[in-house]
Amino acid sequence: MILETFAVGPLACNCTLLGDSEAGEAIVIDPGDEVDRIHRRINELGLKLKQILITHAHIDHVGGALRLKQLTGAPILLNENDLPLLRMMNQQASWLGIKTPETAPPDESLADGVLVGLERYPAQVLHTPGHTQGSVCLHFAPLKLLVAGDTLFAGSIGRTDLPGGDYDQILDSIQCRLLALPDETRVLTGHGPATTIGVERKSNPFLRGM
Ligand SMILES: [Zn+2]
């Protein structure tokens with residue numbers, strides 16, 4: 001198994017590459033920027049990209065998705081509740097003062113409960129609205145791994161002051177869906193360091209009393 005996470009773009013979005021070297025296949029989660037670097041790495045590893053998975057449609061997570069699709073032919077998957085945000089790419093780019101990346105509607109929706117990923121490393125989609133309405137986390141149960149996007153961070157949670165954000169809803173999503181996972185579940189967050197469900201359950205100040 002190949003599992004690499006690297007920060008891309010001006011907001012340092014954590015992009016994750018998961019590969020199965022025996023099957024020769026990979027998926028990429030949140031290729032927000034630096035697509036040439038991501039593409040080069042996939043080629044170096046000799047893998048074929050099967051899916052481009054997007055945890056939510058903020059520009060720093062989705063910005064490079066279409067270009068990576070054009071380079072590899074892999075489909076883009078994004079929860080349909082984030083389509084309004086995807087259509088606001090001009091506005092999102094102006095918040096950051098960067099050029100608007102080209103985007104396209106996803107090939108498939110990351111609907112709650114759907115299985116995605118690789119044959120030997122599948123992930124279940126957990127729809128966890130609150131940071132955005134289409135935010136999802138990807139739970140690779142056999143790997144005891146959660147890719148959390150901007151829903152849960154080490155010691156913090158995703159901001160809810162942008163369009164589609166809802167503070168009560170993100171807390172509800174974390175309590176009902178993420179804290180239901182075993183403590184040993186490793187969490188790759190959308191920005192910053194990784195953590196575990198157990199550590200956040202115990203020490204995340206936003207989750208007190210849950
Ligand atoms: Zn975000």
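Residues numbered from 1 in each chain as written. Predicted model: local features only at pLDDT ≥ 70, side-chain atom pairs only at ≥ 80, totals over all residues. Heavy atoms only, no water.

Caption draft 1: Representation of the environment of Asn204. For Asn204, the position within the fold is in the segment after helix 7 (197-203). For Asn204, a relative accessible area of 2% corresponds to the buried category. Distance in space between the C-alpha atoms of Asn204 and Asp107 is 36 Å, their sequence separation being 97 residues. At 2.9 Å, the side chain of Asn204 and the side chain of Glu200 are in polar contact. (Helix = DSSP H or I, 4+ residues; strand = E, 2+ residues; numbered from the N terminus. Buried < 20%, exposed > 50% of the residue type's maximum accessible area, 1.4 Å probe, protein only. Polar contact = N/O pair within 3.5 Å; in protein donor to acceptor, adjacent residues only side chain to side chain.)

Caption draft 2: The pattern of salt bridges, seen in detail. Under the counting rule described, the total for this entry stands at eleven salt bridges. Here Arg37 and Glu34 are joined by a salt bridge, their closest N and O atoms 2.7 Å apart. Look at Arg37 and you get partly exposed, because its relative accessible area is 33%. One salt-bridge network, in which partners are shared between bridges, spans Glu4, Arg41 and Glu44. (Salt bridge = Lys/Arg side-chain N within 4 Å of Asp/Glu carboxyl O.)

Caption draft 3: Quick look at the sheet that holds strand 12 (residues 186-188). In space, the six strands of this open sheet follow the order 6-7-8-9-12-13, with mixed pairing throughout. Each edge of the sheet is formed by a strand with only one pairing partner; in this case those strands are strand 6 (115-117) and strand 13 (195-196). Relative to strand 12, strand 9 (residues 145-147) runs parallel, the two being bridged by three bridges. Within strand 12, the residue paired with Leu146 across the bridge is Val187. (Pairing = 2+ DSSP bridges.)

Caption draft 4: Expanded view of the packing of helix 1 (residues 35-44) against helix 3 (residues 65-72). One can describe the packing of helix 1 onto helix 3 by two numbers: an axis separation of 10 Å at closest approach and a directional angle of 35°. Like other packed secondary-structure pairs, helix 1 and helix 3 cross with a definite hand, here right-handed. For the pair helix 1 and helix 3, the contacting residues are Val35, Asp36, Ile38, His39 and Ile42 in the first and Arg67, Leu68, Leu71 and Thr72 in the second. Along the lines of polarity and charge, the residues of the contact of helix 1 with helix 3 split into five nonpolar, two polar and two charged. (Axes fitted to C-alpha atoms, helices over the stretch in contact; angles between N-to-C directions. Left-handed = near helix turned anticlockwise from the far one by under 90°. Contact = heavy atoms within 4.5 Å. Nonpolar A, V, L, I, M, F, W, Y, C, P; charged D, E, K, R; others polar.)

Caption draft 5: Looking closely at the coordination of the zinc ion. Coordination sphere of the zinc ion, protein contribution only: His56 (NE2), His58 (ND1), His131 (NE2) and Asp150 (OD), at 2.2 to 2.3 Å. Written as a sequence motif, the donor residues of the zinc ion are H-x1-H-x72-H-x18-D. You can see His56 sitting in the loop between strand 4 (48-53) and helix 2 (59-62) and its partner His131 sitting in the loop between strand 7 (122-127) and strand 8 (136-140), a full 75 residues away along the chain. (Donors = N, O, S within 2.8 Å, 3.2 Å for Na, K, Ca; no water.)

Caption draft 6: Seen up close, a nonpolar patch on the surface. Judged by side-chain polarity, Leu11, Trp95, Leu96 and Ile98 come together as a nonpolar surface patch covering roughly 330 Å² of accessible area. Looking at the element boundaries, Ile98 is found in the loop between helix 5 (89-96) and strand 6. (Patch = residues over 30% accessible without salt bridge, like charges linked within 9 Å, V, L, I, M, F, W, Y side chains within 5 Å. Areas by Shrake-Rupley, 256 points an atom, 1.4 Å probe, with all protein chains shown as cover.)

Caption draft 7: Just the environment of Gly165, in detail. Inspection of the secondary structure puts Gly165 in the loop between strand 11 (156-157) and helix 6 (167-178). Its relative accessible area of 26% is what places Gly165 among the partly exposed residues. Note: C-alpha distance between Gly165 and His131 (34 residues apart in sequence) is 4.8 Å. Residues contacting Gly165, with those up to four places away along its chain left out, are Gly130, His131 and Thr160.

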